[in-house]
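Residue-level structural notes
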Amino acid sequence: MFRLGWGTVLTAVTVLGCSDALGGFELYVIDYQAHPRPSNIMALFGYAMLGFGVVQFERSRNKGRRLPGRMEASIFAFGASTPLLVFLIIPVVRADGFSLASKSTTVAYALADLAVM
């Protein structure tokens, strides 16, 4: 099951759900305000696992084919990168009210979203 990518994707989604639960606990129960929070690190790890699982899934699904969907995926990713850069990354990097840790966490989430796409 893990060889085909399904197990890795399932584990990644579980890690992402646990990071959301941990984030709620950090904010509403213990009032943890430092950045990056442990839930952020756990979520970024979940994104990495999700990307790895999707790559495993794609490789097992398209054995023997040459460039099955990579061209379409790269066109979509480059198209999505422009609004992501213009509306999220550049304004956050230029903002003065955020700490370096907050900026880097926000940019890491944006890049993780783009990588998963």
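Within every chain, residues take consecutive numbers counted from 1 along the sequence as written. Since the coordinates come from a predicted model, pLDDT governs what is reported: local features require at least 70, and pairs of side-chain atoms require 80 or more to be given and counted, while whole-chain, interface and lining totals use all residues. As a convention, hydrogens and water are excluded, and side-chain values are obtained from all of the structure's heavy atoms.

1. Here we look at the overall build of the chain
Across its full length, the chain carries four helices and zero strands. Helix and strand assignments come from DSSP, with helices taken as H or I runs of at least 4 residues and strands as E runs of at least 2, each series counted from the N terminus. Its helices and strands taken in sequence order, the chain reads α-α-α-α from the N to the C terminus. For the chain, buried positions account for 27% of its 117 residues. Long-range contacts, defined as pairs at least 24 residues apart, comprise 64% of the intrachain contacts of the chain with a sequence gap of at least 6. Surface accessibility follows the Shrake-Rupley procedure with a 1.4 Å probe radius. Residue values consider only the protein chains on display as shielding. For the chain, the accessible surface area stands at approximately 8,000 Å², while carbon and sulfur atoms represent 69% of it. The buried label goes to any residue with under 20% of its type's maximum accessible area, the exposed label to any with over 50%, and the partly exposed label to all in between, with areas taken from a 1.4 Å probe on protein chains only. Residues are treated as being in contact if the distance between any of their heavy atoms lies within 4.5 Å.

2. Thoughts on a nonpolar patch on the surface
Residues qualify for a patch when their relative accessible area is over 30% and they have no salt bridge, like charges being joined within 9 Å and the nonpolar side chains of Val, Leu, Ile, Met, Phe, Trp and Tyr within 5 Å. For salt bridges, the criterion is a side-chain nitrogen of Lys or Arg within 4 Å of an Asp or Glu carboxyl oxygen. Together, Phe 25, Leu 27, Tyr 28, Val 29, Ile 30 and Tyr 32 make up a nonpolar patch on the protein surface, roughly 630 Å² of accessible area in all. By the element assignment, Tyr 28 lies in helix H1 (residues 6-28). Note on Tyr 28: relative accessible area 71%, which makes it exposed.

3. Quick look at the environment of Ala 77
The topology assignment puts Ala 77 in helix H3 (residues 70-94). Put simply, Ala 77 and Ala 115 are 38 residues apart on the chain and 7.9 Å apart in space, counted from C-alpha to C-alpha.

4. Describing the pattern of salt bridges
Applying the stated rule across the entire model yields one salt bridge. The partner of Glu 26 in a salt bridge is Arg 37, with the nearest N and O atoms 3.4 Å apart. You can see Glu 26 sitting in helix H1 and its partner Arg 37 sitting in the loop between H1 and helix H2 (38-61), a full eleven residues away along the chain. A relative accessible area of 3% places Glu 26 in the buried class. With a relative accessible area of 14%, Arg 37 lands in the buried category.

5. Some words on the nonpolar core
Ranked by size, the top nonpolar core spans seven residues in total: Ala 77, Ala 80, Leu 84, Ile 89, Val 107, Ala 110 and Leu 114. Counting residues per element, the ones that place at least two in this core are H3 and helix H4 (100-116). The dominant element in this core, judged by the number of residues it contributes, is H3, at four residues. For Leu 84, the residues in contact, after removing those within four places along its chain, are Ile 89, Ala 110 and Leu 114. Core analysis: the next-biggest nonpolar cluster, separate from the first, contains six residues, Ala 12, Leu 16, Met 49 and Leu 50 among them. Nine residue types can take part in a nonpolar core, namely buried Ala, Val, Leu, Ile, Met, Phe, Trp, Tyr and Cys, and a core is a set of them joined through side-chain atoms within 4.5 Å.

6. Regarding the side chain of Lys 103
Within the fold, Lys 103 resides in helix H4. Residues counted as positive are Lys and Arg, residues counted as negative are Asp and Glu, and His and the chain ends are not counted. Summary of buried charges: Lys 103 has no salt-bridge partner, and the nearest side chain of opposite charge, Asp 96, is 5.4 Å away. Here Lys 103 is in contact with Val 92, Val 93, Ala 95 and Phe 98, once residues within four sequence places are set aside.

7. A closer look at the packing of aromatic side chains
Two rings from Phe, Tyr or Trp (for Trp, the six-membered ring) form a pair when their centres sit within 6.5 Å of each other. Planes less than 30 degrees apart are called stacked, planes more than 60 degrees apart edge-to-face, and all others tilted. Taken as a whole and judged by the stated rule, the model has one aromatic pair. Aromatic side chains Tyr 47 and Tyr 109 sit 6.2 Å apart centroid to centroid with 75° between the ring planes, which places their arrangement in the edge-to-face category. Residue Tyr 47 is located in helix H2, and its partner Tyr 109 is located in helix H4; the two are separated by 62 residues in the primary sequence.

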